[in-house]
Amino acid sequence: SDASGMASELLDDYEEGTWTPVVSGLTLSSSTGHYVKIGKLVWVNAQVNINTQNSGTGAVNLRGFPYDQDTTNSQRGGGYITQWWGQPSGWTNQNIHISFDTNSKAYFRFYNGSYMADLNGNHLDDAYNFHYVITYFAA
């Protein structure tokens with residue numbers, strides 16, 4: 001704040017804590033997350049360790065965020081994987097993006113050479129681990 005006293009400059013909410021990420025379609029050996037919430041802005045980071053890949057073709061998605069997502073505007077939030085281990089053979093430094101839908105679920109997406117595709121369990125090896133960060137607005 002620049003001490004002008006305007007309400008828009010006041011820090012009205014600050015919180016930090018831990019949360020447990022939920023990942024659909026994969027068997028996890030562990031998942032841990034941390035978050036910081038300032039006003040409506042939520043920043044999360046997490047590490048997910050996968051025991052067994054899913055042989056299904058459904059899109060892998062993240063759920064269980066510490067706050068529900070604000071879906072009243074088009075800025076739904078998103079993020080990216082910062083580190084990963086167990087990358088399938090044939091993938092060379094493939095960027096994985098994370099984007100929200102309108103139901104507080106976030107999907108892993110990558111460019112497959114033609115378009116943005118959803119990551120599914122068939123894309124991952126067993127013992128796959130990744131860290132990710134996401135920023136979004138809370139409801």
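The model shown is predicted, which means the values in this text are computed figures rather than measured ones.

## Some points on the overall build of the protein chain
Helices and strands together make up the secondary structure of the protein chain, namely zero helices and 10 strands. Helices (α) and strands (β) of the protein chain occur, in sequence order from the N terminus, as β-β-β-β-β-β-β-β-β-β. Expressed as a percentage of its 139 residues, the buried residues of the protein chain come to 36%. For the protein chain, long-range pairs separated by at least 24 residues make up 66% of all intrachain contacts whose partners lie at least 6 apart in sequence. As displayed, the protein chain offers around 7700 Å² of accessible surface, 47% of which is attributable to carbon and sulfur atoms.

## Details of the environment of Ile-96
Tracing the sequence through the fold places Ile-96 in the loop between strand E6 (78-85) and strand E7 (97-100). Spatially, the C-alpha atom of Ile-96 lies 6.0 Å from that of Ile-81, the residues being 15 residues apart in sequence.

## As for the environment of Val-133
Assignment of secondary structure puts Val-133 in strand E10 (residues 129-137). Val-133 gets classed as buried once you look at its relative accessible area, which sits at 14%. Distance from Val-133 to Val-44, taken between C-alpha atoms, is 5.6 Å for residues 89 residues apart in sequence.

## Here's the deal with the nonpolar core
Taken as a class, soluble globular proteins show a tendency for nonpolar side chains to be buried jointly. By size, the foremost hydrophobic cluster in this structure holds 29 residues, and its most contacted members are Leu-62, Phe-65, Ile-81, Phe-108, Phe-130, Tyr-132 and Ile-134. Elements with a contribution of two residues or more to this core: strand E4 (41-52), E6, E7, strand E8 (106-111) and E10. When residues of this core are assigned to their parent elements, the largest contribution, five residues, is made by E4. Residue contacts for Leu-62: discarding those within four places in its chain leaves Val-22, Val-23, Ile-98, Ser-104, Lys-105, Ala-106, Phe-108, Tyr-132 and Ile-134.

## Points about the confidence of the model for the protein chain
Within the protein chain, residue pLDDT values average 80, and 79% of them lie at 70 or more. Per-residue pLDDT, averaged within each element of the protein chain, yields its smallest value for E6 (83) and its largest for strand E1 (residues 14-19) (95).

## A word on the pairing of E7
Side-chain alternation along E7 places Ile-98 and Phe-100 on a buried face and His-97 and Ser-99 on a face that remains uncovered. With four bridges connecting them, E7 and E8 associate as antiparallel partners. Residue pairing for E8: Ile-98 is matched across the bridge by Phe-108. Following E7, the chain reverses through five residues before pairing antiparallel with E8; Ser-104 in that reversal takes a positive phi of roughly 55 degrees.

## Considerations on the side chain of Gln-69
Counting through the fold element by element, Gln-69 comes out in the loop between strand E5 (61-63) and E6. When its relative accessible area of 4% is taken as the criterion, Gln-69 is described as buried. One polar contact links the side chain of Gln-69 to the main-chain carbonyl oxygen of Asp-101, over a distance of 3.1 Å. With residues near it in sequence (within four places) discarded, Gln-69 still touches Arg-76, Phe-100, Asp-101, Thr-102, Asn-103, Ser-104, Tyr-136, Phe-137, Ala-138 and Ala-139.

## Comments concerning the packing of aromatic side chains
Counted by the stated rule, this structure contains eight aromatic pairs. With centroids separated by 6.3 Å and ring planes inclined at 85 degrees, the aromatic side chains of Phe-108 and Tyr-132 adopt a geometry described as edge-to-face. Linking Phe-108 in strand E8 with Tyr-132 in strand E10, this pair joins segments that are 24 residues apart in sequence. Assigned by exposure class, Phe-108 and Tyr-132 land together as buried. Each ring, one from Phe-130 and one from Tyr-132, has its centre 5.8 Å from the other, and the planes form 40 degrees; the classification is tilted. Tyr-132 shares its class with Phe-130; the two are buried.

Definitions and limits used
- Residues numbered from 1 in each chain as written.
- Predicted model: local features only at pLDDT ≥ 70, side-chain atom pairs only at ≥ 80, totals over all residues.
- Heavy atoms only, no water.
- Helix = DSSP H or I, 4+ residues; strand = E, 2+ residues; numbered from the N terminus.
- Buried < 20%, exposed > 50% of the residue type's maximum accessible area, 1.4 Å probe, protein only.
- Contact = heavy atoms within 4.5 Å.
- Areas by Shrake-Rupley, 256 points an atom, 1.4 Å probe, with all protein chains shown as cover.
- Core = buried A, V, L, I, M, F, W, Y, C linked by side-chain atoms within 4.5 Å.
- pLDDT = per-residue confidence, 0-100.
- Pairing = 2+ DSSP bridges.
- Polar contact = N/O pair within 3.5 Å; in protein donor to acceptor, adjacent residues only side chain to side chain.
- Phe/Tyr/Trp six-rings, centres within 6.5 Å; stacked < 30°, edge-to-face > 60°.

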